[in-house]
Amino acid sequence: MPHPFDPGYVAEPFLTLCAEYPEANVYPPEQFRLEWGPMFHRGRLDGSAHVLVIGQDPAQHETVVRRILVGEAGRRVQGLLAKLGITRSYVFINTYMYSVYGSVKAKTRKGPTLIDYRNRWLNALLVGRQVEAVLALGQAADEAWQFWKATPAAQSVNVAYVAVTHPTQPESSSKGDKTKLVAATKKLLQNWNAALQALSPSVQHVDVPTLLVLYGESWVDGDRVAIPESDFPAGLPAWMHEQDGWAKRTGADDLAKRRNNTRTVPKGILA
Ligand code: URA
(Lines give C-alpha, C1' and ligand atoms only; values in the text may rest on other atoms or scores of the structure.)
Protein backbone atom coordinates (compact mmCIF):
# COMPACT_ATOMS: atom_id res chain seq x y z
CA MET A 1 0.00 0.00 0.00
CA PRO A 2 1.44 3.42 -0.91
CA HIS A 3 2.17 5.81 1.95
CA PRO A 4 1.50 9.47 1.20
CA PHE A 5 3.90 11.85 2.92
CA ASP A 6 4.65 15.53 3.35
CA PRO A 7 7.51 16.53 1.01
CA GLY A 8 8.72 19.24 3.40
CA TYR A 9 10.46 22.47 2.51
CA VAL A 10 10.87 22.12 -1.24
CA ALA A 11 9.97 25.58 -2.52
CA GLU A 12 10.59 29.23 -1.74
CA PRO A 13 10.09 31.10 0.51
CA PHE A 14 10.16 28.07 2.84
CA LEU A 15 13.58 26.86 1.68
CA THR A 16 15.13 30.15 2.74
CA LEU A 17 13.04 30.40 5.93
CA CYS A 18 14.25 26.98 7.04
CA ALA A 19 17.84 27.84 6.19
CA GLU A 20 17.71 31.10 8.15
CA TYR A 21 16.11 30.00 11.40
CA PRO A 22 16.84 32.02 14.56
CA GLU A 23 19.27 30.61 17.11
CA ALA A 24 20.45 31.26 20.68
CA ASN A 25 20.77 35.02 20.31
CA VAL A 26 17.01 35.15 19.71
CA TYR A 27 15.78 32.10 21.65
CA PRO A 28 17.74 32.01 24.94
CA PRO A 29 18.70 28.41 25.89
CA GLU A 30 17.48 29.01 29.47
CA GLN A 31 13.96 29.51 28.09
CA PHE A 32 13.94 27.16 25.10
CA ARG A 33 15.19 23.65 24.33
CA LEU A 34 17.52 24.70 21.52
CA GLU A 35 19.36 21.40 21.76
CA TRP A 36 16.52 19.70 19.83
CA GLY A 37 16.47 22.18 16.97
CA PRO A 38 13.65 24.25 15.52
CA MET A 39 10.39 22.72 14.32
CA PHE A 40 8.54 24.67 11.66
CA HIS A 41 5.11 23.59 10.53
CA ARG A 42 2.54 20.94 9.65
CA GLY A 43 0.18 20.91 6.68
CA ARG A 44 0.07 22.53 3.27
CA LEU A 45 2.81 24.87 2.13
CA ASP A 46 1.72 24.81 -1.51
CA GLY A 47 -0.84 27.61 -1.20
CA SER A 48 -3.83 25.26 -0.88
CA ALA A 49 -4.47 26.00 2.81
CA HIS A 50 -7.78 27.69 3.65
CA VAL A 51 -7.31 27.70 7.42
CA LEU A 52 -4.17 28.68 9.32
CA VAL A 53 -3.68 27.54 12.91
CA ILE A 54 -1.14 29.20 15.20
CA GLY A 55 -0.07 26.91 18.04
CA GLN A 56 2.28 27.59 20.91
CA ASP A 57 5.46 25.50 21.00
CA PRO A 58 6.51 21.98 20.06
CA ALA A 59 7.03 19.16 22.60
CA GLN A 60 8.79 15.79 22.72
CA HIS A 61 6.82 14.05 19.95
CA GLU A 62 7.31 16.98 17.59
CA THR A 63 11.04 16.82 18.32
CA VAL A 64 11.19 13.36 16.74
CA VAL A 65 8.63 13.79 13.97
CA ARG A 66 9.85 17.25 12.86
CA ARG A 67 6.29 18.41 12.29
CA ILE A 68 4.22 20.37 14.81
CA LEU A 69 1.01 19.61 16.72
CA VAL A 70 1.39 15.88 16.06
CA GLY A 71 0.14 14.68 19.47
CA GLU A 72 -3.04 15.00 21.53
CA ALA A 73 -3.31 18.78 21.00
CA GLY A 74 -2.97 18.24 17.27
CA ARG A 75 -5.66 15.56 17.18
CA ARG A 76 -8.07 17.81 19.07
CA VAL A 77 -7.51 20.66 16.62
CA GLN A 78 -7.77 18.24 13.71
CA GLY A 79 -11.25 17.44 15.06
CA LEU A 80 -12.17 21.12 15.22
CA LEU A 81 -11.05 21.62 11.62
CA ALA A 82 -13.09 18.59 10.56
CA LYS A 83 -16.19 20.22 12.06
CA LEU A 84 -15.56 23.09 9.62
CA GLY A 85 -15.20 20.63 6.73
CA ILE A 86 -11.43 21.09 6.59
CA THR A 87 -9.59 17.77 6.36
CA ARG A 88 -6.58 18.73 4.21
CA SER A 89 -6.56 22.43 3.37
CA TYR A 90 -4.85 23.72 6.49
CA VAL A 91 -1.47 24.73 7.73
CA PHE A 92 -0.11 25.00 11.28
CA ILE A 93 2.76 27.07 12.62
CA ASN A 94 3.75 27.70 16.22
CA THR A 95 4.36 30.94 18.10
CA TYR A 96 7.81 29.59 19.00
CA MET A 97 10.10 27.54 16.77
CA TYR A 98 11.61 25.74 19.76
CA SER A 99 10.14 23.91 22.71
CA VAL A 100 9.69 26.19 25.73
CA TYR A 101 11.71 25.32 28.82
CA GLY A 102 10.00 26.77 31.92
CA SER A 103 8.51 30.08 30.89
CA VAL A 104 9.24 32.73 28.30
CA LYS A 105 10.28 36.19 29.51
CA ALA A 106 8.38 39.18 28.14
CA LYS A 107 11.62 40.60 26.70
CA THR A 108 12.14 37.40 24.69
CA ARG A 109 8.52 37.17 23.57
CA LYS A 110 8.62 40.74 22.35
CA GLY A 111 12.09 40.42 20.79
CA PRO A 112 12.01 42.10 17.36
CA THR A 113 14.06 39.36 15.63
CA LEU A 114 11.87 36.60 17.07
CA ILE A 115 8.75 38.46 15.90
CA ASP A 116 10.21 39.37 12.48
CA TYR A 117 11.13 35.76 11.71
CA ARG A 118 7.64 34.51 12.67
CA ASN A 119 6.11 37.35 10.63
CA ARG A 120 8.06 36.14 7.59
CA TRP A 121 6.27 32.78 7.98
CA LEU A 122 2.92 34.51 8.41
CA ASN A 123 3.56 36.64 5.31
CA ALA A 124 4.48 33.54 3.33
CA LEU A 125 1.31 31.76 4.39
CA LEU A 126 -1.14 34.66 4.23
CA VAL A 127 -0.13 37.43 1.83
CA GLY A 128 -1.58 36.75 -1.61
CA ARG A 129 -2.76 33.30 -0.46
CA GLN A 130 -6.24 31.88 -0.08
CA VAL A 131 -6.51 31.42 3.69
CA GLU A 132 -10.02 32.31 4.83
CA ALA A 133 -9.73 31.84 8.59
CA VAL A 134 -7.03 31.94 11.25
CA LEU A 135 -7.26 30.21 14.62
CA ALA A 136 -4.85 31.04 17.46
CA LEU A 137 -4.39 28.47 20.23
CA GLY A 138 -3.84 30.24 23.54
CA GLN A 139 -2.61 33.65 24.60
CA ALA A 140 0.90 33.53 23.18
CA ALA A 141 -0.49 32.63 19.75
CA ASP A 142 -3.01 35.47 20.00
CA GLU A 143 -0.18 37.86 20.79
CA ALA A 144 1.81 36.52 17.81
CA TRP A 145 -1.19 37.27 15.61
CA GLN A 146 -1.59 40.80 17.00
CA PHE A 147 2.10 41.54 16.34
CA TRP A 148 1.68 40.40 12.73
CA LYS A 149 -1.62 42.28 12.28
CA ALA A 150 0.17 45.52 13.09
CA THR A 151 2.64 45.10 10.21
CA PRO A 152 2.23 46.84 6.84
CA ALA A 153 2.11 43.47 5.01
CA ALA A 154 -0.90 42.36 7.06
CA GLN A 155 -3.01 45.31 5.94
CA SER A 156 -3.69 43.68 2.57
CA VAL A 157 -4.96 40.45 4.17
CA ASN A 158 -8.60 40.06 5.09
CA VAL A 159 -9.34 36.84 7.01
CA ALA A 160 -11.62 35.82 9.84
CA TYR A 161 -9.73 35.42 13.09
CA VAL A 162 -10.50 33.78 16.43
CA ALA A 163 -8.30 33.09 19.45
CA VAL A 164 -9.36 30.00 21.40
CA THR A 165 -8.32 28.24 24.58
CA HIS A 166 -5.25 26.05 23.96
CA PRO A 167 -6.31 22.41 23.35
CA THR A 168 -4.41 21.01 26.33
CA GLN A 169 -5.18 23.89 28.72
CA PRO A 170 -7.65 21.69 30.68
CA GLU A 171 -4.85 19.23 31.50
CA SER A 172 -2.26 21.89 32.31
CA SER A 173 -4.63 23.98 34.44
CA SER A 174 -6.15 21.08 36.40
CA LYS A 175 -2.82 19.47 37.39
CA GLY A 176 -4.23 15.97 37.87
CA ASP A 177 -7.43 17.05 39.68
CA LYS A 178 -10.22 15.16 37.87
CA THR A 179 -13.06 17.47 38.93
CA LYS A 180 -11.13 20.50 37.71
CA LEU A 181 -10.33 18.70 34.46
CA VAL A 182 -14.02 18.02 33.76
CA ALA A 183 -14.91 21.67 34.42
CA ALA A 184 -12.00 23.01 32.35
CA THR A 185 -12.83 20.67 29.45
CA LYS A 186 -16.46 21.81 29.48
CA LYS A 187 -15.28 25.43 29.41
CA LEU A 188 -12.85 24.75 26.59
CA LEU A 189 -15.55 23.09 24.49
CA GLN A 190 -17.88 26.04 25.03
CA ASN A 191 -15.07 28.32 23.93
CA TRP A 192 -14.43 26.17 20.85
CA ASN A 193 -18.14 26.13 19.99
CA ALA A 194 -18.16 29.93 19.94
CA ALA A 195 -15.08 29.83 17.67
CA LEU A 196 -16.74 27.36 15.30
CA GLN A 197 -19.81 29.57 15.02
CA ALA A 198 -17.67 32.65 14.40
CA LEU A 199 -15.43 31.03 11.79
CA SER A 200 -17.73 28.72 9.86
CA PRO A 201 -19.41 31.44 7.72
CA SER A 202 -15.95 32.53 6.52
CA VAL A 203 -14.67 29.07 5.63
CA GLN A 204 -16.18 28.87 2.18
CA HIS A 205 -13.80 26.44 0.50
CA VAL A 206 -14.14 23.21 2.41
CA ASP A 207 -12.68 19.78 1.68
CA VAL A 208 -15.79 17.92 2.79
CA PRO A 209 -19.17 19.71 2.94
CA THR A 210 -20.16 19.32 6.57
CA LEU A 211 -23.09 20.47 8.68
CA LEU A 212 -21.74 22.24 11.73
CA VAL A 213 -22.24 20.02 14.78
CA LEU A 214 -21.10 21.66 18.00
CA TYR A 215 -19.26 19.97 20.88
CA GLY A 216 -21.06 18.65 23.94
CA GLU A 217 -19.80 19.10 27.49
CA SER A 218 -16.97 16.55 27.26
CA TRP A 219 -14.94 14.85 24.51
CA VAL A 220 -16.85 12.15 22.68
CA ASP A 221 -15.81 9.65 20.02
CA GLY A 222 -15.01 11.45 16.83
CA ASP A 223 -14.02 14.76 18.47
CA ARG A 224 -10.35 13.81 18.26
CA VAL A 225 -9.34 13.08 14.70
CA ALA A 226 -6.25 11.23 13.48
CA ILE A 227 -3.61 13.30 11.77
CA PRO A 228 -3.40 12.21 8.12
CA GLU A 229 -0.35 10.26 7.05
CA SER A 230 0.20 12.87 4.33
CA ASP A 231 1.17 15.40 7.04
CA PHE A 232 4.19 13.37 8.19
CA PRO A 233 7.65 13.09 6.66
CA ALA A 234 8.35 10.11 4.41
CA GLY A 235 8.78 6.75 6.07
CA LEU A 236 7.51 7.64 9.54
CA PRO A 237 6.29 4.43 11.21
CA ALA A 238 2.52 4.30 11.78
CA TRP A 239 2.83 4.00 15.57
CA MET A 240 4.47 7.41 15.68
CA HIS A 241 1.32 9.04 14.34
CA GLU A 242 -1.42 6.97 15.84
CA GLN A 243 -0.96 7.67 19.52
CA ASP A 244 1.03 9.64 22.11
CA GLY A 245 3.28 8.54 24.89
CA TRP A 246 6.04 6.91 22.81
CA ALA A 247 8.40 9.84 23.35
CA LYS A 248 9.32 10.74 26.92
CA ARG A 249 11.80 13.10 28.47
CA THR A 250 13.59 10.68 30.76
CA GLY A 251 16.17 11.14 33.48
CA ALA A 252 16.71 11.63 37.17
CA ASP A 253 16.99 15.42 37.07
CA ASP A 254 16.12 18.41 34.92
CA LEU A 255 19.37 18.32 32.98
CA ALA A 256 19.02 14.60 32.24
CA LYS A 257 15.47 15.23 31.08
CA ARG A 258 16.67 17.93 28.72
CA ARG A 259 19.31 15.59 27.33
CA ASN A 260 17.14 12.51 26.83
CA ASN A 261 14.16 11.94 24.60
CA THR A 262 13.40 8.22 24.78
CA ARG A 263 11.33 6.67 22.00
CA THR A 264 9.67 3.37 22.84
CA VAL A 265 7.85 1.19 20.33
CA PRO A 266 4.40 0.68 21.91
CA LYS A 267 3.24 -2.73 23.07
CA GLY A 268 1.46 -4.68 20.37
CA ILE A 269 3.76 -3.63 17.53
CA LEU A 270 6.34 -6.30 18.30
CA ALA A 271 5.42 -9.68 19.67
N1 URA B 1 2.59 20.94 20.01
C2 URA B 1 2.85 22.00 19.23
O3 URA B 1 3.64 21.93 18.29
N4 URA B 1 2.21 23.16 19.52
C5 URA B 1 1.33 23.27 20.51
O6 URA B 1 0.76 24.35 20.69
C7 URA B 1 1.07 22.13 21.30
C8 URA B 1 1.72 20.97 21.03
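The structure reproduced in this document is the subject of the present report. All values reported here derive from a predicted model rather than from experimental measurement.

1. As for the site of the ligand
At step 1: Near the ligand, the surroundings consist of Gly55, Gln56, Asp57, Pro58, Glu62, Ile68, Leu69, Asn94 and His166.
At step 2: The contact in question runs from an oxygen atom of the ligand to an N or O atom on the backbone of Gln56, over 2.8 Å.
At step 3: Contact distances for the ligand include 2.8 Å between an oxygen atom and a side-chain N or O atom of His166.
At step 4: With the chains in place, 91% of the 240 Å² that the ligand exposes on its own is no longer accessible.
At step 5: Residue classes in the shell around the ligand are distributed as three nonpolar, four polar and two charged.

2. Describing a nonpolar patch on the surface
At step 1: Taken together, the side chains of Val265, Ile269 and Leu270 make up a nonpolar region of the molecular surface, amounting to roughly 280 Å² of accessible area.
At step 2: Along the polypeptide, Val265 turns up in the segment after β7 (262-263).
At step 3: Look at Val265 and you get partly exposed, because its relative accessible area is 35%.

3. Points about the sheet that holds strand β4 (residues 133-137)
At step 1: Spatially, the five strands line up as an open sheet ordered β1-β3-β2-β4-β5, and their pairing is mixed. Edge positions in the sheet fall to β1 (41-43) and β5 (160-164), since each of these pairs with one other strand and no more. Going across the sheet, the axis of each strand differs from the next one's by a mean of 15 degrees, ignoring polarity.
At step 2: As judged from the five bridges shared by β4 and β5, these two strands associate in the parallel manner. Residue pairing for β5: Leu135 is matched across the bridge by Val162.
At step 3: Across the sheet, helix α5 (residues 112-126) is in contact with β1, β2 (51-55), β3 (90-94) and β4; its angle to β3 comes to roughly 175 degrees.
At step 4: Sitting on the sheet, helix α8 (residues 178-199) touches β4 and β5, and the angle it makes with β5 is about 180 degrees.

4. Overview of the packing of aromatic side chains
At step 1: Taken as a whole and assessed by the stated rule, the structure comprises 16 aromatic pairs.
At step 2: Both rings, one in Tyr9 and one in Phe40, keep their centres 5.6 Å apart while their planes meet at 70 degrees; by these two values the pair is edge-to-face. Here Tyr9, found in the segment before α1 (14-19), pairs with Phe40, found in the loop between α1 and β1; they are 31 residues apart in sequence, far enough to count as distant.
At step 3: A residue is classified by how much of its surface remains accessible, and Phe40, at 9% relative accessible area, is buried.
At step 4: Between Lys83 and the ring centre of Tyr215, over which it is positioned, the NZ or CZ distance is 4.5 Å.

5. Considerations on the side chain of His41
At step 1: Along the chain, His41 falls in strand β1.
At step 2: What makes His41 buried here is its relative accessible area of 0%.
At step 3: Among the polar contacts made by the side chain of His41, one reaches the main-chain carbonyl oxygen of Gly43 at a distance of 2.9 Å.
At step 4: Dropping the residues within four chain positions of it, His41 is found in contact with Asp6, Tyr9, Arg67, Ile68, Val91, Phe92, Ile93 and Trp121.

Criteria and cut-off values
Residues numbered from 1 in each chain as written. Predicted model: local features only at pLDDT ≥ 70, side-chain atom pairs only at ≥ 80, totals over all residues. Heavy atoms only, no water. Near = heavy atom within 4 Å. Polar contact = N/O pair within 3.5 Å; in protein donor to acceptor, adjacent residues only side chain to side chain. Areas by Shrake-Rupley, 256 points an atom, 1.4 Å probe, with all protein chains shown as cover. Nonpolar A, V, L, I, M, F, W, Y, C, P; charged D, E, K, R; others polar. Patch = residues over 30% accessible without salt bridge, like charges linked within 9 Å, V, L, I, M, F, W, Y side chains within 5 Å. Salt bridge = Lys/Arg side-chain N within 4 Å of Asp/Glu carboxyl O. Helix = DSSP H or I, 4+ residues; strand = E, 2+ residues; numbered from the N terminus. Buried < 20%, exposed > 50% of the residue type's maximum accessible area, 1.4 Å probe, protein only. Pairing = 2+ DSSP bridges. Axes fitted to C-alpha atoms, helices over the stretch in contact; angles between N-to-C directions. Contact = heavy atoms within 4.5 Å. Phe/Tyr/Trp six-rings, centres within 6.5 Å; stacked < 30°, edge-to-face > 60°. Lys NZ or Arg CZ within 6 Å of the ring centre and 35° of its normal.

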